[in-house]
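Listed below are the residues making up each chain.
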Amino acid sequence: MSDSGKSAKRSSFSGSIGYVMAAAGSAVGLGNIWRFPYLAAKYGGGAFLLVYIILVVTFGYTLMLSETALGRKARKSAVGTFKAYGGDNGASRLGGWINAIVPMIIAPYYCVIGGWVFKYLYAYIVGDVKEAAGDSYFGNFITSTSGSMFWFIVFAAFTMVVIFMGVESGIEKVSKFMMPVLVVLAFVIAIYSMTRPDAAEGVKYFLIPNFHHFSWMTVVAALGQMFYSLSLAMGILYTYGSYMKDDVNIEHAGNQVQIFDSLVAILAGLMIIPAVFAYSGGTAKNLSAGPSLMFITLPKVFADMGGSRIVGAAFFVLVLFAALTSSISLAETCTSTFQDELKISRNKAAWLTVVVIFVLGSLSSLGYSALSNVTIIGMQMLDFFDFASNSVLMPIAAFATCLLVVRKVGLDKFSDIVKETSPFRREKMYRVFVKYIAPVFLMVILLSSILSAFGIFSL
Ligand code: TRP
């Protein structure tokens, strides 16, 4: 993904399907299977789901369209697109860079979680089905310094080998095969999990909004998750837009990505949340387990199923795959930004990515073990990186995109760009969102998450 600026040489996706598959491949990852269910469980179940879906079709739509359309028109990545429309000045550079820095914060801790997935896959392969379902298995694993560092490095090494080889077509081919298999397997596990005794309570909790469970934090968390899951506000869609052919209906392609991504997230919720009710009781404490939720409840479901070793191994292979495709594109984004902006060779840029992943990832990994008494504003390191990227930098990056569209490109010109290939059905809504609702909302979210992190304001 180099940003040479010469459109003649720029690579492109084969067509609408090519773009949708690539964007969905980047979107569907740990965010859908691991992050979405634990946030939904913690922040209100059905109320969270409803807020999330509303945000996807309004906010998510607005930002996705803005990034893709501008990237396609400018034929540049985020930093280049900001320069092309905003002029070569400090403000544009800042806007572009804030977008570019987010993946550098996410990629390292993404590899730590990827390492957890690897560890569980290994456990199923060697037949530790009962052990993996034990209550303290997960805790013992992440608090052991050598164990969690080892699997983090294995996952990061897989990611970086692909970056060094630069094989993009291989990954795309494999993900076209693996993604549908993941969906089928998720269906099977979700049905199994929903039909366990007492699971019905969980299905109700997840699907039926109950506004007693609603809080301002539901909105903050849902918004952060929407950015994360759709890979928004981090330069990805500028880059992918720049590879999109001129005749692809941009609105339609965006909708397909959103539907695919949300479907996988909802399936993951249906696998995990009913299982929490069936196996651990749907108590507030169990529901708010956070990042460990998938690793603690799913193994209990598997231990209970026939053929658990195979099902568990198959499941973690597929999660691993979804995680690897996403982490490769995160690392690729870091590498291409370093390459373009620091004017260094691709090889040097990739080594710099290795250093960033290793240093920040080690902090996240050790934050649960050797460095567990070190906290930043009351958070463990991994939580802190997640918070800094999703709750602080992404709202600012998204705000910069709104400013770029409204102030620099202009709404009428933007509409013309979109209408080159699609009817722009939600034009009115788009205008209201990009100009008023999104910027105000983003600032409110930013302020409230910062204030609450410092304990000044509790959500
Ligand atoms: N969207 C991915 C997921 O749901 C994670 C992710 C966030 C990502 N930002 C990204 C992937 C940028 C690739 C590129 O897991």
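Residues numbered from 1 in each chain as written. Predicted model: local features only at pLDDT ≥ 70, side-chain atom pairs only at ≥ 80, totals over all residues. Heavy atoms only, no water.

1. A word on the environment of Ala 323
The residue Ala 323 is located in helix H16 (residues 308–341) in this model. The class for Ala 323 is buried, based on a relative accessible area of 0%. Taking the C-alpha atoms as reference points, Ala 323 and Ser 26, separated by 297 residues in sequence, lie 9.3 Å from one another. Those residues in contact with Ala 323 that lie beyond four places of it in its chain are Leu 30, Tyr 110 and Phe 155. (Helix = DSSP H or I, 4+ residues; strand = E, 2+ residues; numbered from the N terminus. Buried < 20%, exposed > 50% of the residue type's maximum accessible area, 1.4 Å probe, protein only. Contact = heavy atoms within 4.5 Å.)

2. Considering the site of the ligand
In the region of the ligand, 15 residues are neighbours, and Ala 27, Gly 31, Tyr 110, Tyr 228 and Met 234 sit closest. In this structure, Leu 30 approaches the ligand through a main-chain N or O atom, which is 3.1 Å from an oxygen atom. Burial of the ligand by the surrounding chains reaches 100%, relative to a free accessible area of 360 Å². Counting only elements with at least two residues in the shell around the ligand, the list comes to helix H1 (16–27), helix H2 (30–42), helix H11 (216–229) and H16. (Near = heavy atom within 4 Å. Polar contact = N/O pair within 3.5 Å; in protein donor to acceptor, adjacent residues only side chain to side chain. Areas by Shrake-Rupley, 256 points an atom, 1.4 Å probe, with all protein chains shown as cover.)

3. Some points on unusual backbone geometry
Positive phi, normally seen in glycine, also occurs at Asp 198, with a value near 70 degrees. Checked against the element boundaries, Asp 198 lands in the loop between helix H9 (168–194) and helix H10 (199–207). Note on Asp 198: relative accessible area 58%, which makes it exposed. A positive phi angle is found at Ser 231, which is not glycine, with a value near 55 degrees. Within the secondary structure, Ser 231 is located in the loop between H11 and helix H12 (236–242).

4. Observations regarding helix H15 (residues 293–304)
Taking 1.5 Å per residue as the helical rise, H15 with its twelve residues ought to reach 16 Å, and the 17 Å between its terminal C-alpha atoms agrees with that figure. Burial of H15 is extensive: nine of the twelve residues sit out of reach of the surface. For H15, the full list of buried residues reads Leu 293, Met 294, Phe 295, Thr 297, Leu 298, Pro 299, Lys 300, Val 301 and Phe 302. (Expected span 1.5 Å × (residues − 1).)

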